[in-house]
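Coordinates in review
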Number of protein chains: 2
Amino acid sequence: MAQRLVVIGADAAGMAAASQARRRRDRDDLEIVAFERGHFTSYSACGIPYWISGLVPERDQLIARAPETFRESFDIEVRLRHEVTAIDLDRREVVARDLERGGEVRAGFDILMYATGAEPTRPDWARGDVGGVFGMQTLDDGAALLEWLDADPAPRRAVVVGGGYIGVEMAEALIQRGLSVTLVERDEQPMSTVDPDMAELVVDAMRTLGMQIRTGLSVTGLEQRDGRVSAVVTEEGPIPADVVILGLGVRPNVALARAAGLPLGPSGGVRVDRRMRVPGVPGVWAAGDCVETLHRVSGMPVHVPLGTYANKQGRVAGINIGGGYATFAGVIGTAVTKVCDLEVGRTGLRERDAVAAGFEFVSVIAKSTNRAGYYPGARPMTVKLIAEKPSGRLLGAQIVGWSEAAKRIDTLAVALWNKMTVDDMTALDLGYAPPFAPVWDPVLIAARKAVDALAGSGR
Amino acid sequence: MAQRLVVIGADAAGMAAASQARRRRDRDDLEIVAFERGHFTSYSACGIPYWISGLVPERDQLIARAPETFRESFDIEVRLRHEVTAIDLDRREVVARDLERGGEVRAGFDILMYATGAEPTRPDWARGDVGGVFGMQTLDDGAALLEWLDADPAPRRAVVVGGGYIGVEMAEALIQRGLSVTLVERDEQPMSTVDPDMAELVVDAMRTLGMQIRTGLSVTGLEQRDGRVSAVVTEEGPIPADVVILGLGVRPNVALARAAGLPLGPSGGVRVDRRMRVPGVPGVWAAGDCVETLHRVSGMPVHVPLGTYANKQGRVAGINIGGGYATFAGVIGTAVTKVCDLEVGRTGLRERDAVAAGFEFVSVIAKSTNRAGYYPGARPMTVKLIAEKPSGRLLGAQIVGWSEAAKRIDTLAVALWNKMTVDDMTALDLGYAPPFAPVWDPVLIAARKAVDALAGSGR
């Protein structure tokens, strides 16, 4: 008789796992059922800001694979609008509520794939039922915001709360739609995914774009008029707002896991081993934004919700469920984004992470250009490197630059992945031609500067 | 008493060595004299096509450092238009001819830096004194061509002989100036720096640009009228030409070295050790386009004339001459270029190189896009990987793509440098965001495909 795989959460991680398992085991051997509380399968949440800005015109462009594709091409049963409410490990079944028609479904499993993703942080003041306040995690969130923006009279003043990737990308999207935008950041600076000295370059670009940026300021409440938001309340007084976007980060969605007794790690995510098994719970796997993973540089468990990790982890779980062998090697925290045309890339540890992990290090910032200085379109490019003292091992890198800059972080990410020292990096054979780099590549210039700093530090 | 360093050739390698030596040893300790037969020091030969096309308006933009800078800031004596005609190792002196005023100069040395660069291959038919035929290696070559192009009546028909980097870049430059251009390539395909299946994509782009491409065809002579070229002669008849550009490659300029008895390697370049010393000849160093170097993948000595290597090798030599310690780690043949907006990157071995080096391998081509498919400006990007069988070790990689493609070869170059297997590469943590990559980066897609190919090959 066929085994049954039940997948909780039919987005990137869950469906990557399901597809890979199906590639290796056919229907007679493995029945696959996926429960999804939302309206969609596998979509690009990272693409939502560009849909809001109008750059990506249609919602469906963000959907990688529709449920029909999974049903027809992969023989995977997808139950949309079904929210799993409990996992019973003893009976080996899940309980799901049908959000459309009501009622409860029970489904037994031999293998369980836990892929519930992350949930946005919602402060108390944002929990009420005030119109015009939006999280921005799902396609439904995006659709609701677009409807709000298209109302008559159209909202003119937006406040974005939180200056991480989503906050900054949404702020830009709303500027592009013609709204006046204020970004409120609790810390000293938005874009804390890079060190303050690098974030400063980004903040300058955001201001040039016309964004108001208020830092060191917490939002404590909302003002409303007729059930619609009219301002956010802060310690320094209200900031008028016709629309409010919450970009306060996410945390692993582990309510079900906790209730079922699955082990959680120090970062708050579900614990998994290198094959994406939940340790100590036979037949249960987990992947994506709900798990914690190993940071290869700090050696510590971290929660980094990124679509690319979710896809990779789901694939690893699916290969293993399918009877193959695959492991997830951990992360080094590579990420890229852009604000107007200013591109930002990062990998490895920031200075504060390196301190927290107990490293001694030097850090250097090297200013250069993305192309030969004389080549048209040459623009400034700044590379920051953090290197362990005295070994010279690269611990982290950040790039900020105008055009063709962000993806160069991959060069540094591969160097970091391979535990290269900055000394060794000065010898790297990187591509040179005037349209693409100065004769000394910005990465090499930075590596040389780091070597000098290490020498100067008396390593 | 101070020692004297004599540098032969005041371009990238020679002057990088001189500057680094000066950083470590002051004038009282080391006198530095550089002889240069041309009119310029340290300039970007790679930038010449863009000066010809008009993209870079001024010749002087291509000059990295003028002789005055070396004299004033580095206390290095630069003698332009002085051609060294002999090296006397017994007397430890060089003999130089003053090309401007005539006469001979002798200069003793304690340390000799041989940095004569490369010389263009000139077939017999191109050796005469026919107007309108140009090599394209020096700023003087470029100035002469520009003068010819600006004549009245202006040349309309150009023939470029040879389809390597310089040939292809010059062909594009002349198209941009409004000439009709025919590129004549002796082999089956131009752009043989990548494998034929990848070169095909480039050739398509060249044709779209309006270039005539004649392959498998050798030029055997020139036709002229009143001392000006009127056609190139081929086995398939004459091709009319008002201007002819030679792009037939270069070879190491070793006449002086050979005469002085310096050791030459199988590639034809001067032999050097890892510190850029000429082995067995105390006090003599060499670097740049005149030397041969270790290919880290094939393990064989190669001659790869590239400005980036010249700079790095010169720097290594200079650090050592200055009393420091540095080594040149060899090359893996990373290179980038563009044809119109089509970008090309390569690193490591091509298939033919892998065969020649005795590797067994699989190769795969993966088609993807530079950005998320739904993001505006997403364009095709093709990645080819060559992986050793059965180990999976990456041996070579090539990328062809429209915009933001070429420099991604660096990601693969660093993987190759670190001897990664394609299996390990599937786990790499590369930057993802919709404006920069699909959720599965093109590099990762290619690595996965290579893993599948290895499995299919029964490794």
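Residues numbered from 1 in each chain as written. Chains lettered and ligands numbered in written order. Predicted model: local features only at pLDDT ≥ 70, side-chain atom pairs only at ≥ 80, totals over all residues. Heavy atoms only, no water.

1. Focus on the sheet that holds strand β15 (residues 237–240) of chain B
Residues and elements named next belong to chain B. Using the following cut-off: Pairing between strands is defined by DSSP: at least two bridges between the two strands are required. In DSSP terms, a helix is any run of H or I states spanning at least four residues, a strand is any run of E spanning at least two, and both are numbered starting from the N terminus. Axes, fitted as lines to C-alpha atoms, cover a helix only where it is in contact. Angles between the N-to-C directions of the axes lie from 0 to 180 degrees.
Pairing within the open sheet is antiparallel, and its 3 strands lie in the order β13-β14-β15. Of all strands in the sheet, those bounded by a partner on one side alone are β13 (219–225) and β15. The average angle at which neighbouring strand axes cross in this sheet is 35°, direction not considered.

2. So, the pairing of strand β14 (residues 228–234) of chain B
Residue and element names in this part refer to chain B. Inclusion rule: Exposed residues in this analysis have more than 50% of their type's maximum accessible area, buried residues have under 20%, and partly exposed residues fall in between, with area computed by a 1.4 Å probe over protein chains only.
Where burial is concerned, most of β14 is hidden: 5 out of the 7 residues are buried. Pairing analysis gives 6 bridges linking β13 to β14, with the strands arranged antiparallel. Looking at β14, one finds that G221 is bridged to V233. Hairpin connection between β13 and β14: a loop of 2 residues separates the two successive antiparallel strands, and D226 in this loop has a positive phi of roughly 55°. Looking at chain direction, β14 and β15 are connected through 4 bridges and run antiparallel. By the bridge assignment for β15, V232 is matched with I239. The turn joining β14 and β15, which pair antiparallel and follow one another in sequence, is formed by 2 residues.

3. Remarks on the packing of helix α1 (residues 12–24) of chain B against helix α8 (residues 307–321) of chain B
Between two packed helices, what matters for the description is the angle formed by their axes and the separation of those axes. All names here are of chain B. This is how the line gets drawn: Each angle receives one of four descriptions, namely roughly parallel if under 35 degrees, roughly antiparallel if over 145, roughly perpendicular if within 65 to 115, and oblique otherwise. Throughout, a crossing is termed right-handed when the near helix is turned clockwise from the far one, and left-handed when it is turned anticlockwise from it by less than a right angle. By definition in these notes, contact holds between two residues if any of their heavy atoms fall within 4.5 Å. Amino acids outside the nonpolar list (Ala, Val, Leu, Ile, Met, Phe, Trp, Tyr, Cys, Pro) and the charged list (Asp, Glu, Lys, Arg) are all regarded as polar, and Gly is one of them.
Relative orientation of the contacting elements α1 and α8 amounts to 30°, with a least axis distance of 7 Å. In terms of orientation, α1 lies roughly parallel with respect to α8. When the axes of α1 and α8 are compared, the crossing they make is right-handed. Listed contacts from α8 to A12, A13, A16, A17, Q20, A21 and R24 of α1 are A310, N311, G314, R315, A317, G318, I319 and I321. Partitioning the contact of α1 with α8 into residue classes produces 9 nonpolar, 4 polar and 2 charged.

4. A word on the domain arrangement of chain A
Residues and elements named next belong to chain A. Threshold: For each domain, the first and last residues come from an automatic or database assignment. Here the buried area means the combined drop in accessible surface, using a 1.4 Å probe, for two parts upon being joined, counting both sides. Salt bridges are defined by distance alone: a side-chain nitrogen of Lys or Arg within 4 Å of a carboxyl oxygen of Asp or Glu. In the analysis that follows, any N or O atom pair within 3.5 Å is treated as a polar contact, provided that within protein one partner can donate a hydrogen and the other can accept it, and provided that, for residues neighboring in sequence, both atoms belong to side chains.
Segmentation of chain A into domains returns domain 1 (3–119 + 251–321), domain 2 (122–248) and domain 3 (335–456). Distance from the C-alpha centre of domain 1 to the C-alpha centre of domain 2: 29 Å. At the interface, 16 residues of domain 1 touch 17 residues of domain 2. Of the roughly 1,400 Å² buried between domain 1 and domain 2 on both sides combined, carbon and sulfur atoms contribute 67%. Per-residue buried area on domain 1 facing domain 2 is highest for P49, W51 and I52; these three make up 41% of the total on that side. Where domain 1 packs against domain 2, one counts 0 salt bridges. Counting across the interface, domain 1 meets domain 2 through 3 residue pairs in polar contact (both at pLDDT 80 or more). Going through the elements one at a time, α2 (48–53) and β8 (118–120) are the ones with two or more residues in the side of domain 1 that touches domain 2. When residues of the side of domain 1 that touches domain 2 are assigned to their parent elements, the largest contribution, 6 residues, is made by α2.

5. A look at the UniProt feature "domain: FAD/NAD(P)-binding" (unreviewed entry) in chain A
The criterion, for reference: UniProt positions are given in the numbering used here, feature names are shortened, and annotations may be inferred rather than shown by experiment.
UniProt feature "domain: FAD/NAD(P)-binding" (unreviewed entry): in the numbering of this structure it lies at residues 4–296 of chain A. Span residues 4–296 of chain A is 24% helix and 30% strand, its end C-alpha atoms 34 Å apart.

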